[in-house]
Amino acid sequence: MASKRLSNYQILECILEDDEESIIDSPDEDEGDDEVIQSDHNSESEESANETELEWSDDDNEPLSRHASKDSDSFYLSKKKCTKWAKEPPRTSVRVRRHNIMRETPGPKGAAKEIHTMSEAFFCMFSMDTVNLVLQQTNDYIKSIQGKFQRERDCKFLEYEELLAYLGLLYMSGVLRSSHLNFKDLWATDGTGIEFFQNTMSFNRFLFISRCVRFDDKNTRSERQKTDKLAAVREFTDLMNNNFINNYSASENVTLDEQLPAFRGRFSGVVYMPNKPTKYGIKHYALVDSATFYLLKFEIYAGVQPEGPYRMPNDTVSLVKRMTEPIWGTGRNVTMDNWFTSVPLTNTLLKDHQLTMVGTIRKNKPEIPTCFQPKRTRAEHSSLFGFQEDVTLCSYVPKKSKAVLLISSMHHDNKIVESEKKKPEIILYYNRTKGGVDTNDQMCANYNVGRRTKRWPMVIFYHLLNVAGINAYVIYKNKIDHGISRREFLKHLAVDLVKARQQTRATIPQLPRAVQKRLKRNAQVQDRSPTSRGGPSTTYKRCHICPRSKDKKIRFMCAKCHQQVCHDHSTMICDKCID
């Protein structure tokens, strides 16, 4: 008997199709526009009203509907009468739904599980393949412009240590919050500059590297641009995306939203977004962990791409499916705003990819009932709920004549938190998880490495450096030091990146002695310059062997201990004899 019994949803569909006279319009007393559909008592409904058993699905052993009391069930109809929503929630005393069970352990994975230092965490994000790509393409560009320089030393090729030092200086400038400061002030020699920058490289060299940084072959770019507007950074961004995805497993909730690195130059993908702090920029779609703010995946919007392999549909359903691909089948929840959400998308994510979704939804969607819309007759802090088999619709009135609409495939009840404003649990969950991308954006702005530029590839480069710093910090904090602040992490990371360059620079004979002295004192660099073999120092000090009463001060120092020594306690030896 139970297997042949029809659910209330099936009864309603039969009544709507075969017997229109059995449909009774029951508008709400306060709202004449609302339509509530009720079915008459027929033989099948009377039988189902006396039963309290549930109809079960053969596929997943979950209830399809719940029988109400002896009165027939009620439904809300959408404005176009194409979608129905049950007024009563499904039964909640059932086992945990499959789509609420995570199938991955959150945290670092792959190479990120083996890190021990800050630089190792950074190279998980900015891998050696990425470094070699930037190094090769930059040197190819330098080679093409060497003929424009009279002196060879003004156009030297970029070395590996020098590229890392360049990245370290960018991170240190972010720590000092000097992204909008004239960089020349950091190299000032009047006492207002910063020794860290002066010890690493000259100001002219830093400007030259910034000018020459490239991410693709300029000779073949015009051909690749016929099918890809992002040809100048395509290989670089693909490498960064893979690094972000392969080294971290997100927590149970992720956020999908937009980021807007500031840019007003010439690029087809520049957009205007008045709700963003920067207003104009290059739009990025970002998938971010709501708990740790680790950026899992990004996609750069470049407008409509030319015909070819990189032309993708920009509708929200296709976009969300592309962005959530790394977490398909993992049982996670995705929180997004009303620009992305729709009822078909909610069902697609759940049934095809085992992902739940929570988000606000626009009131002009065809599936929204009219009684869920903002109206003056609705009481303040009141809520309406509509239920389908896997989707819940909620309408909350925060104040008169306003209504907030949310949709969720994670929640299946009408739970309301007992507080002054009586907010539904769906809204509280959305508020807790909606800020993942915005927080990541704020963290990028706090220690921004970006510089003013007219080249849009550099805007993307600076933004991804900010993101790589955040992701490396999340990994390092998870594995090594749980209490370190992001400022301290970036500061020590910058020191690690420039250390090798400073050690090499200390061996340059033409380097001013004052710089050599600073390198030895601040960076603890082993002094291997010609003066380390013994000879005059820059200051007078007392001989470390003579008694203090003599107070004999001398400029010469020992080649081994690097301490001042007078002629009475030293012997001159040539370079051949030393070796």
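Within every chain, residues take consecutive numbers counted from 1 along the sequence as written. Residues qualify for local features only when their pLDDT is at least 70, as the model is predicted, and side-chain atom pairs are given and counted only at 80 or more; totals for whole chains, interfaces and linings, by contrast, use all residues. Side-chain measures here rest on the full set of heavy atoms in the structure, leaving out hydrogens and waters.

In the annotation of an unreviewed UniProt entry, the entry for the protein reads PiggyBac transposable element-derived protein domain-containing protein, and the organism field reads Parnassius mnemosyne.

What follows is about the overall build of the protein. Helix and strand counts for the protein stand at 17 helices and 20 strands. Relative to its full complement of 579 residues, the protein shows a buried share of 48%. Note on definitions: a residue-residue contact is assigned when non-hydrogen atoms from the two residues lie within 4.5 Å. Pairs at least 24 apart in sequence give 63% of the contacts found in the protein among residues at least 6 apart. For accessible areas, the Shrake-Rupley method is used with a probe of radius 1.4 Å. Any residue's cover is judged against the shown protein chains and nothing else. Here the protein displays about 30,100 Å² of accessible surface, and carbon together with sulfur accounts for 47% of that area. Under the scheme used here, helices are H or I runs from DSSP no shorter than 4 residues and strands are E runs no shorter than 2 residues, and both carry numbers assigned from the N terminus. For the exposure calls, accessible area comes from a 1.4 Å probe over protein chains only, and a residue counts as buried if that area is under 20% of its type's maximum, exposed if over 50%, partly exposed in between.

Our focus in this paragraph is the packing of aromatic side chains. Two aromatic rings, drawn from Phe, Tyr or Trp (for Trp, its six-membered ring), form a pair once their centres lie within 6.5 Å of each other, and the interplanar angle then sorts them: stacked below 30 degrees, edge-to-face above 60, tilted otherwise. For the coordinates displayed, the defined rule picks out 28 aromatic pairs. An aromatic cluster is defined as three or more aromatic residues linked by ring pairs; in this entry it consists of Phe122, Phe123, Phe126, Tyr171, Phe215, Phe236, Phe461 and Tyr462. Working rule: Lys NZ or Arg CZ, within 6 Å of ring centre, within 35 degrees of ring normal, means a charge sits over the ring. The ring of tyrosine 141 carries the charged tip of arginine 214 above its face, separated from the ring centre by 3.9 Å. Taking NZ or CZ as reference, lysine 283 lies 4.7 Å from the ring centre of tyrosine 301, over its face.

An axis is simply a line fitted to the C-alpha atoms; with a helix, the fit covers only the stretch in contact. Between two such axes, the angle follows the N-to-C directions and lies from 0 to 180 degrees. For the pair helix H10 (residues 316-323) and helix H11 (residues 343-353), the least separation of the axes is 10 Å and the interaxial angle reads 35 degrees. Crossing of H10 against H11: the hand is right-handed. Contact residues: H10 offers Val317, Val320 and Lys321, while H11 offers Leu345, Thr348, Leu349 and His353. Each residue receives one of three labels: charged for Asp, Glu, Lys and Arg, nonpolar for Ala, Val, Leu, Ile, Met, Phe, Trp, Tyr, Cys and Pro, and polar for the others, Gly being one of them. Residues of the contact of H10 with H11, tallied by class, amount to four nonpolar, two polar and one charged. Left-handed is the label given to a crossing in which the near helix is rotated counterclockwise from the far helix by less than a right angle, and right-handed is the label when the rotation is clockwise.

The predictor attaches a confidence to each residue, and that confidence, scored 0 to 100, is pLDDT. On average, residues of the protein score 82 in pLDDT, and 83% of them are at 70 or above. This model gives residues 1-72 a pLDDT under 50, and the stretch forms 117 contacts once residues within four places in sequence are excluded. Taken as a whole, residues 525-534 scores under 50 in pLDDT and shows 24 contacts with residues more than four places along the chain or in a different chain.

Put simply, buried Ala, Val, Leu, Ile, Met, Phe, Trp, Tyr and Cys residues joined by side-chain atoms within 4.5 Å make one nonpolar core. In this structure, Tyr166, Tyr171, Phe244 and Phe461 are the most contacted members of the largest nonpolar core, which totals 114 residues. Ranked by size, the runner-up nonpolar core spans twelve residues in total, among them Phe75, Ala86, Phe385 and Leu406.

For the rest of this paragraph, the subject is the pairing of strand E12 (residues 284-289). Burial analysis of E12 places six of its six residues in the buried class, the great majority of the element. Residue alternation in E12 divides its side chains into two sets, His284, Ala286 and Val288 and Tyr285, Leu287 and Asp289, and both sets are buried. Sheet topology note: the strand E9 (residues 253-259)/E12 ladder contains six bridges and is antiparallel. Each bridged residue has a counterpart across the sheet, and for valine 254 the counterpart in E12 is aspartate 289. DSSP bridges decide pairing: two strands pair if at least two such bridges lie between them. As judged from the five bridges shared by E12 and strand E13 (residues 295-300), these two strands associate in the antiparallel manner. Bridge pairing in E13 places leucine 287 opposite lysine 297. In sequence, E12 turns back onto E13 through a hairpin of five residues, with phenylalanine 293 there showing a positive phi of about 65 degrees.

Before going further, it helps to spend a moment on the environment of glycine 269. For glycine 269, the location among the structural elements is in the loop between E9 and strand E10 (270-272). Overall, glycine 269 belongs to the buried group, its relative accessible area being 0%. Sequence spacing of glycine 269 and alanine 302 is 33 residues, and the spatial spacing of their C-alpha atoms is 4.0 Å. With sequence-adjacent residues up to four places away left out, glycine 269 is seen in contact with Gly281, Ile282, Lys283, Tyr301, Ala302 and Gly303.

Another aspect to go through is helix H13 (residues 436-446). Three- or four-residue spacings in an α-helix give side chains the same orientation, since the helix completes a turn every 3.6 residues. By the burial criterion, the buried members of H13 are Gly436, Val437, Asn440, Met443 and Cys444. Seen from one end, H13 has its buried residues packed into an arc of 120 degrees, which puts them on one side. Those residues of H13 that are exposed and aimed more than 90 degrees away from the buried face are Gln442 and Ala445. On its buried face, H13 is in contact with E9, E12, E13, helix H12 (425-433), helix H14 (456-479) and helix H15 (486-505). Directions from the helix axis toward the C-beta atoms define the arc.

Salt bridges are defined by distance alone: a side-chain nitrogen of Lys or Arg within 4 Å of a carboxyl oxygen of Asp or Glu. Per the counting criterion, the structure on display carries 13 salt bridges. Taking the shortest distance from any N to any O, the salt bridge between glutamate 104 and arginine 332 comes out at 3.2 Å. With glutamate 104 in the loop between strand E6 (84-86) and strand E7 (107-108) and arginine 332 in the loop between H10 and strand E14 (333-336), this residue pair connects regions lying 228 residues apart in the sequence. Residue arginine 205 pairs with glutamate 162 through a salt bridge whose shortest N-O separation is 2.6 Å. Placement of arginine 205 in helix H7 (residues 203-212) and of glutamate 162 in helix H5 (residues 160-175) is noted, with a sequence separation of 43 residues between them. For the pair shown, arginine 205 and glutamate 162 are each scored as buried. Through salt bridges with shared partners, a single network forms among Glu162, Arg205 and Arg501.

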